[in-house]
Amino acid sequence: RADSGAFDVSHMGELHVEGPAAHAFLQFVLSNDLDRIGDGEAQYTLLTNESGGIVDDLIAYRITPFHYLLVVNAGNREEAFAWLQEREVRGSEVRDASEEYALVAVQGPRALERLGLPPARPFTHGLALLDGIEAMVCRTGYTGEAGCELMCAAEDAVALWDGVLARGVAPCGLGARDTLRLEACYPLHGNDITQETDAISAGLGWACALGKEFTGVAALRRVKEQGPARRLVPFVLEEKAVPRQGMPIEGGGEVTSGTHSPMLDVGIGLGYVPAGRSAPGSEIVIDVRGKPRRARIVEKPIYRRRKA
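Since we're looking at a predicted model, the values are computed, not measured.

1. Side note on the sheet that holds strand 9 (residues 133-138)
Phase 1: Spatial ordering of the open sheet is given by 8-9-10-7-1-11, a layout of six strands whose pairing is mixed. Strand pairing shows two members of the sheet lacking a second neighbour, strand 8 (125-130) and strand 11 (170-172), which therefore form its edges. Neighbour-to-neighbour, the strand axes of this sheet turn through a mean angle of 30 degrees, independent of strand direction.
Phase 2: Here four bridges tie strand 1 (residues 5-8) to strand 7 (residues 101-107), and the two strands are oriented antiparallel to one another. Bridge assignment links Gly-5 to a residue of strand 7, and that residue is Gln-107.
Phase 3: On top of the sheet, helix 5 (residues 174-183) reaches strand 1 and strand 11; it is set at about 110 degrees to strand 1, its chief contact.

2. Re the pattern of salt bridges
Oppositely charged side chains may form a pair once their charged atoms are brought near each other.
Phase 1: Under the defined criterion, the tally for this structure stands at 23 salt bridges.
Phase 2: A salt bridge links Asp-39 to Arg-62; the nearest nitrogen and oxygen atoms lie 2.7 Å apart. Note that Asp-39 is positioned in the loop between helix 1 (22-29) and strand 3 (42-48) and Arg-62 in strand 4 (residues 54-64), a separation of 23 residues in sequence.
Phase 3: Judged by relative accessible area, Arg-62 falls into the buried class, the value being 13%.
Phase 4: A salt bridge links Glu-113 to Arg-110, with the nearest nitrogen and oxygen atoms 2.8 Å apart.
Phase 5: The network of salt bridges with shared partners includes Glu-238, Glu-239, Glu-283, Arg-294 and Arg-296.

3. Points about unusual backbone geometry
Phase 1: For the peptide bond that leads from Lys-300 to Pro-301, omega is -10 degrees, which places it in the cis range.
Phase 2: Its location among the elements puts Pro-301 in the segment after strand 17 (291-297).
Phase 3: The phi dihedral of Asp-265 is positive, around 60 degrees, even though this residue is not glycine.
Phase 4: Along the chain, Asp-265 turns up in the loop between strand 14 (253-261) and strand 15 (266-274).
Phase 5: Residue class for Asp-265 comes out exposed when judged on its relative accessible area of 56%.

4. Focus: the sheet that holds strand 4
Phase 1: Spatially, five strands are ordered 3-4-5-2-6 in an open sheet, and the strand pairing comes out antiparallel. If you trace the sheet from one side to the other, it starts and ends with strand 3 and strand 6 (93-96), each paired once. Going across the sheet, the axis of each strand differs from the next one's by a mean of 30 degrees, ignoring polarity.
Phase 2: One ladder, built from four bridges, connects strand 2 (residues 13-18) with strand 6; its direction is antiparallel. Residue pairing in the sheet places His-16 in a bridge with Arg-95 of strand 6.
Phase 3: Packing against the sheet, helix 1 makes contact with strand 2, strand 3, strand 4, strand 5 (67-72) and strand 6, and its axis sits at approximately 125 degrees to strand 2.
Phase 4: Contacting strand 2, strand 3, strand 4, strand 5 and strand 6, helix 2 (residues 77-86) runs over the sheet at an angle of about 165 degrees to strand 6.

5. Some points on empty space enclosed by the protein
Phase 1: Evaluation of the coordinates by the stated rule reveals two cavities of 30 Å³ or more.
Phase 2: Of the volumes computed, that of the largest cavity is approximately 40 Å³.
Phase 3: What lines the largest cavity is simply Leu-115, Leu-130, Asp-131, Ile-133, Ala-159, Leu-160, Gly-163, Val-164 and Arg-167.
Phase 4: In terms of residue count, the dominant contributor to the lining of the largest cavity is helix 4 (residues 157-166) (four residues).
Phase 5: Partitioned by chemical class, the residues of the lining of the largest cavity number six nonpolar, one polar and two charged.
Phase 6: Considering only enclosed or pocket space, the second largest cavity measures out at about 30 Å³ in volume.
Phase 7: Residues that form the lining of the second largest cavity fall into these classes: three nonpolar, three polar and two charged.

6. Things to note about the nonpolar core
Phase 1: Counting 36 residues, the largest nonpolar core has Leu-46, Tyr-61, Leu-204, Cys-208 and Leu-220 as its most contacted members.
Phase 2: Excluding its chain neighbours within four sequence positions, the residues that come into contact with Leu-220 are Gly-52, Asp-198, Ala-199, Ile-200, Cys-208, Leu-210 and Phe-214.

7. Examining helix 4
Phase 1: Among all positions in helix 4, only Leu-160, Gly-163 and Val-164 are buried. Projected down its long axis, helix 4 shows its buried positions confined to an angular sector of 100 degrees, all on one face. Among the exposed residues of helix 4, those pointing more than 90 degrees away from its buried face are Val-158 and Ala-166.
Phase 2: Looking at the buried positions of helix 4, the neighbouring elements they touch are strand 1, strand 7, helix 3 (111-115), strand 8, strand 9 and strand 10 (147-153).
Phase 3: Immediately beyond the C-terminal end of helix 4, within one or two residues, lies Gly-168, with a positive phi of roughly 95 degrees.

8. Re the environment of Tyr-303
Phase 1: Checked against the element boundaries, Tyr-303 lands in the segment after strand 17.
Phase 2: Given the relative accessible area of 14%, Tyr-303 is considered buried.
Phase 3: C-alpha separation for the pair Tyr-303 and Leu-180, spaced 123 residues apart in sequence, amounts to 9.0 Å.
Phase 4: The residues contacting Tyr-303, other than those within four sequence positions of it, are Arg-1, Glu-145, Glu-183, Met-263 and Leu-264.

Conventions adopted
Residues numbered from 1 in each chain as written. Predicted model: local features only at pLDDT ≥ 70, side-chain atom pairs only at ≥ 80, totals over all residues. Heavy atoms only, no water. Pairing = 2+ DSSP bridges. Helix = DSSP H or I, 4+ residues; strand = E, 2+ residues; numbered from the N terminus. Axes fitted to C-alpha atoms, helices over the stretch in contact; angles between N-to-C directions. Contact = heavy atoms within 4.5 Å. Salt bridge = Lys/Arg side-chain N within 4 Å of Asp/Glu carboxyl O. Buried < 20%, exposed > 50% of the residue type's maximum accessible area, 1.4 Å probe, protein only. 1 Å grid on protein atoms, 1.4 Å probe; cavity = no way out; pocket = protein on both sides within 12 Å on 5 of 7 lines; lining within 4 Å. Points joined across faces, edges and corners; volume = space filled by probe spheres on them. Nonpolar A, V, L, I, M, F, W, Y, C, P; charged D, E, K, R; others polar. Core = buried A, V, L, I, M, F, W, Y, C linked by side-chain atoms within 4.5 Å. Arc of directions from axis to C-beta.

Structure below.
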């Protein structure tokens, strides 16, 4: 958060979708509106099932109208690939290329400076040479900071990693990535969003173009119209404790992700609560290993950089 850090996220999955019908196919199976982006741009979107549940949340990178690269969660790679492959239409082909690539996320306010890369708009991508290694530079990330994700051929992974660290970027583990994404209120599939949770309740309605047709849109329109029964909210502990996934929230809620925030030095987390009790500023009580601990619902993100 003060300079820059590198994360090896090569476990993520990479799926190519190609063919003359690639755009139309993805426009029907993904929740967001791909017509809003052009070549060299990217979009956060959801792969939804018929009931509006979230099969995976992913980023779609548009190479051309006939070629997209989808970066999917590691734990959902096989399921997302099978889901798409089963629904392929004539003129589209889905290919799992995950073993061909390595992915290094370089994040932080000095990330691009350290890499010697020019500024670029968030959610754009392009090719660059870094220390002689060709990489796809993606202005995306999972930390709430500026930076990029560098995708290269798997055989170049060690050289790319060593080159990034040689530029003064600190190596970081995935535990740090989890506290960073929670401070930024980014949901984690399997914890905060699942095939049983819908995008509206999870606060991801902004990633759903409800005016177009896609798998599960009818169910999501109903939730939007009627209002969700529960909502995913960020919270900060007001007593000393560390919340964890599965801990009950008094009144019929549950913690889905929790940790100790290194930046705020307090317990923080995400959890579902009844919609009527989800407003920022509301107090909640969490059962932390049998002991009630007070917390307060806050606005997103939980951590905000102080202005100079």
